[in-house]
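What follows is each chain in one-letter form.
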Amino acid sequence: GYCMVSVLETMKTFSAEDGLTEEAIVMKLRTCRYHHLYLHTSLRHNSSGTCRWGEFGEGGLLWGECNGKPFEWFNGNPIEEILSKVREIYGLDHHTTFRNVTVSSSKRPQPLYLGTATQIGVLPTEGIPSLLKVLLPADCGGLPALYIRDLLLNPPSFEIASSIQEACRLMNSVTCSIPEFTCVSAAKLVKLLDLKEANHIELCRIKNVVDEIIHMSSNPELSAILHILLQPTWIATGLKVEYDVLVNECCCISQKIGDTLSRRGESGQEISSFKLIPSEFFEDMESSWKGRVKRIHAEEWFAEVDRAAEALSVAVEEDFAPIVSRVKSLITPLGGSKGEICY
């Protein structure tokens, strides 16, 4: 059948799924998000030797799917050529390597037929309600619904499916609280960290994820679930991580972020406050940065701001306090000018 090569530039990964039917390849094209579509020239070379795409597949599913989309033809070794084009598009060095995250498709059950997926609304189709909205709880949307949809469209092996079922069964029977399973886009985080643009919010999200993993590893009931979840995680990410390595790395990351970011209510992070200056002023000036990084990492700048705030207070007291006092002393019992300092 067909082969589909997918490249994720952000994560520097690629996968090559082989032996796909025409229906399967169309299903994947409809559900995956891609910026560029390339078709191998072997698709338009038929037995008679002509090179017209229409003659080979006109009226077919794949022809209909690709014909209305912008695409380019390419030749040569599919994986090498596609990676070369990605490096060219994103201005990457020719030596930039991409990690192969292909998961073997052997012993996997057949996915839903394209017609079936359309008729039950698993593939978004105008006028057809989605069966998933009926099957799943009303408050269950977003990522959980997408995860179930992908399981139907791209079923894992029976071994992985069994591990997902076992994890769900254990979660339904645990007596302790289960972490929220903070969802963070790995591609977005990698991009932000690579460009050194991850702010304290992104770093807090990373810490939440690793802290949840640490919490699960320390609880006997949840530890069993964590062990099982490593299998479906490997299928989703292409990363096979050992349990002990995962927990140790999470502890290290949590400690590093914890040593840098400020905790709520930490001393030395209070918004400045002076008698004559409206509190809204300091709230606007300092709330956007105080309480994010521990003071010990920026003591010089914190001290400089404190000195500036105190100097401002002294200046206001010397220049404006006498005026306010004078105005207030002239106020008549019937009202009149009101003396106050505003921001």
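Residues numbered from 1 in each chain as written. Predicted model: local features only at pLDDT ≥ 70, side-chain atom pairs only at ≥ 80, totals over all residues. Heavy atoms only, no water.

Peer 1: Which parts of the structure should I look at to understand the pairing of strand β1 (residues 2–8)?
Peer 2: Side-chain positions along a regular strand alternate between the two faces of the sheet. In this sheet, strand β2 (residues 13–20) lies alongside β1 in antiparallel orientation, the contact comprising six bridges. Paired with Ser-6 across the strands is Ser-15, a residue of β2. Here β1 folds back onto β2 in antiparallel fashion, the turn holding four residues, of which Lys-12 has a positive phi close to 55°. (Pairing = 2+ DSSP bridges. Helix = DSSP H or I, 4+ residues; strand = E, 2+ residues; numbered from the N terminus.)

Peer 1: How do you make sense of the sheet that holds β1 when you look at a structure like this?
Peer 2: Strand pairing in a sheet relies on backbone hydrogen bonds, with the paired strands running either antiparallel or parallel. Sheet architecture is open: three strands sit in the order β1-β2-β5, paired in mixed fashion. Since the sheet does not close on itself, it has two edges, and those belong to β1 and β5 (99–100), each with one partner. Pairing analysis gives two bridges linking β2 to β5, with the strands arranged parallel. In the sheet register, Phe-14 faces β5, and the bridge partner there is Asn-100. The strands that helix α1 (residues 22–31) touches are β1 and β2; relative to β1, the one it contacts most, it runs at about 20°. Strands β1 and β2 of the sheet are contacted by helix α4 (residues 78–89), whose axis makes an angle of about 30° with β1. (Contact = heavy atoms within 4.5 Å. Axes fitted to C-alpha atoms, helices over the stretch in contact; angles between N-to-C directions.)

Peer 1: I would appreciate a short explanation of the pattern of salt bridges in the present structure.
Peer 2: Within the structure shown, the criterion is met by 15 salt bridges. In this structure, Glu-202 and Lys-188 form a salt bridge, with 3.6 Å as the shortest nitrogen-oxygen distance. Taken together, the residues Glu-202 in helix α10 (residues 200–218) and Lys-188 in helix α9 (residues 186–194) connect sequence positions 14 residues apart. Taking relative accessible area as the criterion, Glu-202 reaches 8% and is therefore assigned buried. With a shortest N-O distance of 3.4 Å, Glu-202 and Arg-205 are connected by a salt bridge. You can see Glu-202 and its partner Arg-205 sitting in helix α10, three residues apart, about one turn around the helix. The class of Arg-205 is partly exposed, set by a relative accessible area of 34%. The structure contains a network of salt bridges with shared partners spanning Glu-286, Lys-290, Arg-295, Glu-299 and Asp-306. (Salt bridge = Lys/Arg side-chain N within 4 Å of Asp/Glu carboxyl O. Buried < 20%, exposed > 50% of the residue type's maximum accessible area, 1.4 Å probe, protein only.)

Peer 1: How should the environment of Ser-272 be read in this particular structure?
Peer 2: Summarising the element assignment, Ser-272 is placed in the loop between α12 (243–260) and α13 (279–286). The spacing of Ser-272 and Met-285 is 13 residues in sequence and 9.5 Å in space, taken between C-alpha atoms. Excluding anything up to four places from it in sequence, Ser-272 contacts Phe-282, Glu-286, Lys-290, Asp-306 and Ala-309. Here the side chain of Ser-272 touches Glu-286 through a polar contact of 2.8 Å, side chain to side chain. (Polar contact = N/O pair within 3.5 Å; in protein donor to acceptor, adjacent residues only side chain to side chain.)

Peer 1: Where do I start with unusual backbone geometry in this structure?
Peer 2: Peptide bonds are mostly trans, and most non-glycine residues show a negative phi. Unlike most non-glycine residues, Lys-12 shows phi in positive territory, near 55°. Of note, Lys-12 is situated in the loop between β1 and β2. Of the residues examined, Lys-12 reaches a relative accessible area of 23% and is grouped as partly exposed. The phi dihedral of Lys-196 falls on the positive side, at around 55°, and the residue is not glycine. Of note, Lys-196 is situated in the loop between α9 and α10.

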